[in-house]
Amino acid sequence: MYEFDIQLGETYYNEGFINVRKEFSDNFGEHNSYIKVQLNDGKTIFGKIDRNANENSSPRIRFQGDFHHEYVKWINQNFNLNDVLKIKHNSKYCLDFFK
């Protein structure tokens, strides 16, 4: 278990996905697997790991459908543009997001 940060620039703030740094790549599941994300307001959403989006095969966590709406809504209600999102890595398939 460890933590890392992502700065919420315009793309991460609005688009419903995050990229994971290459240094953490091996600690995430395989392409197209689902990952559980616990938001600090108690809601649980699910993302999909995309290892084809980045040239170095580092994971992109995509939130789709209703989970996309929940994620973007949570980000916009709890953060400002360029704030830092803190992520606790619990396992290959489970993360906590908080401020």
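Notes on the structure in this doc start here. One numbering rule holds for all chains: residues counted from 1, following each sequence as written. A pLDDT threshold of at least 70 governs which residues receive local features in this predicted model, and a stricter bar of 80 or more applies before side-chain atom pairs are shown or counted, although totals over entire chains, interfaces and linings include all residues. Note: side-chain values were computed over all heavy atoms of the structure, leaving out hydrogens and water.

## Examining the pattern of salt bridges
Then, number 1: In what follows, salt bridge is the name for a side-chain nitrogen of Lys or Arg lying within 4 Å of a carboxyl oxygen of Asp or Glu. In the structure shown here, the tally under the stated rule is 6 salt bridges.
Then, number 2: A salt bridge links aspartate 96 to lysine 88; the shortest N-O distance between them is 3.6 Å.
Then, number 3: For every residue, the accessible area obtained with a 1.4 Å probe (protein chains only) is divided by the maximum for its type, and the residue is called buried under 20%, exposed over 50%, and partly exposed between those limits. A residue is classified by how much of its surface remains accessible, and lysine 88, at 24% relative accessible area, is partly exposed.

## Here's the deal with helix α2 (residues 66-78)
Then, number 1: For α2, with 13 residues, the first-to-last C-alpha span of 18 Å sits near the 18 Å given by 1.5 Å per residue.
Then, number 2: Runs of H or I in DSSP of at least four residues are treated as helices and runs of E of at least two as strands, each being numbered from the N terminus. Considered for burial, the residues of α2 that qualify are Tyr71, Val72, Trp74 and Ile75. With its buried residues spanning 160 degrees around the axis, α2 presents them on a single face. Pointing more than 90 degrees away from the buried face of α2 are the exposed residues Asp66, His69 and Gln77.
Then, number 3: Those residues of α2 that are buried are in contact with α1 (10-14), β2 (17-19), β3 (34-39), β4 (44-50), β6 (84-91) and β7 (94-98). In this analysis, the expected span of each helix is defined as 1.5 Å times one less than the number of residues it contains. The reported arc concerns the directions from the helix axis to the C-beta atoms and nothing else. A contact between two residues is defined here by any heavy atoms of the two lying within 4.5 Å.

## Points about the sheet that holds β6
Then, number 1: DSSP-based pairing: two strands are paired if at least 2 bridges between them are found. Across the sheet, 7 strands lie side by side as β1-β6-β7-β3-β4-β5-β2; this open sheet has mixed pairing. Each of the sheet's edge strands pairs with one partner strand only, and the pair in question is β1 (2-7) and β2. Across the sheet, the mean angle from the axis of one strand to that of its neighbour is 30 degrees, orientation sign disregarded.
Then, number 2: Where β1 lies against β6, 6 bridges are found, and the strand directions are antiparallel. Note that in β6 the partner of isoleucine 6 across the bridge is leucine 85.
Then, number 3: Orientation is described by lines fitted to C-alpha atoms, with helices fitted over the stretch in contact, and by angles between N-to-C directions that extend from 0 to 180 degrees. Contacts from α2 reach β2, β3, β4, β6 and β7, with the element oriented near 110 degrees to β4.

## A word on the side chain of histidine 89
Then, number 1: As for its position among the elements, histidine 89 is in strand β6.
Then, number 2: You can call histidine 89 buried: its relative accessible area is 6%.
Then, number 3: A distance of 3.1 Å separates a polar atom in the side chain of histidine 89 from the backbone oxygen of serine 91.
Then, number 4: Setting aside its immediate chain neighbours within four residues, histidine 89 contacts Met1, Tyr2, Phe4, Asn27, Phe28, Cys94 and Leu95. For the purposes of these results, a polar contact is taken to be a pair of N or O atoms within 3.5 Å, where, inside protein, one atom must be able to donate a hydrogen and its partner to accept one; residues adjacent in sequence count only when each atom of the pair is a side-chain atom.

## Side note on the nonpolar core
Then, number 1: By size, the foremost hydrophobic cluster in this structure holds 26 residues, and its most contacted members are Tyr71, Leu85 and Phe97.
Then, number 2: Of all the secondary-structure elements, those providing two or more residues to this core are β1, α1, β2, β3, β4, α2, β6 and β7.
Then, number 3: Element by element, the count of residues in this core is highest for α2, at 4 residues.
Then, number 4: Beyond its immediate sequence surroundings of up to four residues, tyrosine 71 is in contact with Leu8, Tyr12, Gly16, Phe17, Ile18, Ile45, Phe63, Leu85 and Phe97. We define the nonpolar core as a collection of buried residues of types Ala, Val, Leu, Ile, Met, Phe, Trp, Tyr and Cys that are connected through side-chain atoms lying within 4.5 Å of one another.

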